[in-house]
Amino acid sequence: MRREKFGAKSEKLRPDQYHLPLEDVEIAQGILDAAQERAEAVIQGRSRSVPEGSHRNRGCLPAHLPRVERIVEPASMLCPCGCGAMTKIGEDVSKRLAVILAQWRVLVTRPPKYICRRCSGPVVQAHAPEHVVPGGLPTEAAIAHVIVSKFGDHTPFYRQAEIYARQGIRLDRATLGKWSGRACFHLQPVADRMRRHLGRADRLFMDETTAPVLDPGRGQTKKGYFWAIVSDDRGHSGPSPPIVLFRYAPGRSGAFAEQFLHSFNGRFLQWDAYDGYGRLTGVARPQGPWTLVHC
């Protein structure tokens, strides 16, 4: 806390570092809770069916998740006194969160061939579907999983390769990179359409954030920037869907903002008072310079 309050800017903690000691405390608390429950079970001679505090996140189970019911019957449903079968009078219901780990499988495609036995007609066979990697191993779902893990969950290729190896799937980082590159090529038309849609929006929001980028040869990373261009009129009952388009630049200069917004027809740009956007007010455009609107 002293370092965060009085230390130099380069020595201050990142926000995500605050969570590290808190996670350790929560793990220790879980160990203590389990030990206490075990001790109480030994003292009472049985385990409590509903430990204290177990309802903390019970109401957070999403309604859209499928429910799999498991009925746990007693070893015998005959009365111990010999009266015959017992009658059900109720039940206790508990709901817990379960997970099925990502399961790899092999998709086998078999296009049958057909021919007429009564004539010498041609062989008929359906065309195999197009693939992102022609003749390659991955399906489109597998490639989507790789790129979401890379760009959405920030899991590098080499770590993904280690995760997949635990399931017996041997993939090197170069292969994963080539798959992702092919996916980016095929997704480019989607990004272009998003850009054209943003180009017609009257109001835009723009912001930039740092992104560490590998710097080969130096053994460390350098600072790059992701620029987000956003259109979202839901707050004004607008009919258009919200769109976020990310662009990368090696710096934070306002020249990059001008470059990314080239040929955009918007009038109002919402920003966070960063001086670099000031140059947009002097850009000569047929519809006039941008009008900057603070957050």
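Look above for the structure.
Counting from 1, residues in each chain are numbered in the order their sequence is written. Thresholds applied to this predicted model are a pLDDT of at least 70 for local features of residues and 80 or more for the giving and counting of side-chain atom pairs; totals over whole chains, interfaces and linings are not thresholded and use all residues. To get the side-chain values, take all heavy atoms of the structure and skip hydrogens and water.

Some points on the packing of aromatic side chains
Where we set the bar: Aromatic rings from Phe, Tyr and Trp, taking only the six-membered ring of Trp, are treated as a pair when their centres fall within 6.5 Å; an angle between ring planes under 30 degrees marks them as stacked, one over 60 as edge-to-face, and anything in between as tilted. Going along the chain from the N terminus, every DSSP run of H or I of four or more residues is numbered as a helix, and every run of E of two or more is numbered as a strand.
Within the structure shown, the criterion is met by 7 aromatic pairs. On the basis of an interplanar angle of 75° and a centroid distance of 5.0 Å, the ring pair of W104 and Y164 is categorised as edge-to-face. Here W104 is found in the loop between α2 (19–44) and β1 (113–114), whereas its partner Y164 is found in helix α4 (residues 157–165), with 60 residues between them in sequence. Ring centres 6.0 Å apart and planes at 70° place the aromatic pair W227 and Y277 in the edge-to-face group.

Here's the deal with helix α5 (residues 173–200)
Going by this rule: Helix span, as expected, comes to 1.5 Å for every residue beyond the first. Axes are fitted to the seven residues ending at a residue and to the seven starting at it; the angle between these axes is taken as the bend at that residue. Here's how the labels work: a residue is buried when its accessible area is under 20% of the maximum for its type, exposed when over 50%, partly exposed in between, all with a 1.4 Å probe on protein chains only. Residue contacts follow a heavy-atom distance rule, with two residues in contact if any of their heavy atoms lie within 4.5 Å. As used in this structure description, the phrase polar contact means that two N or O atoms lie within 3.5 Å; if the pair is within protein, one of them must be able to donate a hydrogen and the other to accept it, and residues adjacent in sequence are counted only when both atoms belong to side chains.
The first and last C-alpha atoms of α5 sit 39 Å apart over 28 residues, in line with the 40 Å expected at 1.5 Å per residue. Of all the bends in α5, the greatest reaches close to 40° and is centred on L187; the proline P189 follows between one and four positions later. Among all positions in α5, only L176, W179, S180, A183, L198 and G199 are buried. In the core, the buried residues of α5 are packed alongside α3 (140–152), α4, β3 (203–215), β4 (220–231) and β5 (243–249). Where α5 starts, the residue carrying a side-chain oxygen 3.1 Å from the main-chain nitrogen of A174 turns out to be D172.

Section: unusual backbone geometry
Backbone geometry places H154, a non-glycine residue, at a positive phi of 55°. Mapping H154 onto the fold places it in the loop between α3 and α4.

So, the pairing of β3
Condition: For two strands to be treated as a pair, DSSP must find no fewer than two bridges joining them.
Taken together, the 3 bridges between β3 and strand β6 (residues 268–271) define a ladder with parallel strand orientation. Paired with R203 across the bridge in β6 is F268. Judged from the 11 bridges that link them, β3 and β4 form a sheet pairing that is antiparallel. When the sheet's bridge partners are listed, D215 is paired in β4 with Q220.

Section: the nonpolar core
Grouped burial of nonpolar side chains is what soluble globular proteins tend to show. Here is the rule we go by: By nonpolar core is meant a set of buried Ala, Val, Leu, Ile, Met, Phe, Trp, Tyr and Cys residues that side-chain atoms within 4.5 Å join together.
Judged by nonpolar contacts, the single largest core of 22 residues is most densely connected at L204, M206, L261, L269 and Y277. Those elements that place two or more of their residues in this core are β3, β4, β5, α6 (254–260) and β6. In contact with L261, not counting residues within four places along its chain, are L204, M206, I229, L269, L280 and W290. Counting residues in hydrophobic clusters, the runner-up holds 12 residues, among them V132, V133, A161 and W179.

Details of the pattern of salt bridges
If the charged atoms of two oppositely charged side chains come close together, the side chains can form a pair. Note the threshold: Whenever Lys or Arg places a side-chain nitrogen within 4 Å of a carboxyl oxygen from Asp or Glu, that contact is recorded as a salt bridge.
Across all of its chains, the model carries 6 salt bridges by this definition. Close ionic contact of D232 with R234 constitutes a salt bridge, the shortest N to O distance being 2.8 Å. Residue class for R234 comes out exposed when judged on its relative accessible area of 56%. A cluster of three or more residues bridged by salt bridges with shared partners is formed by D202, R203 and D233.

Worth remembering: the numbers are spatial, not functional.
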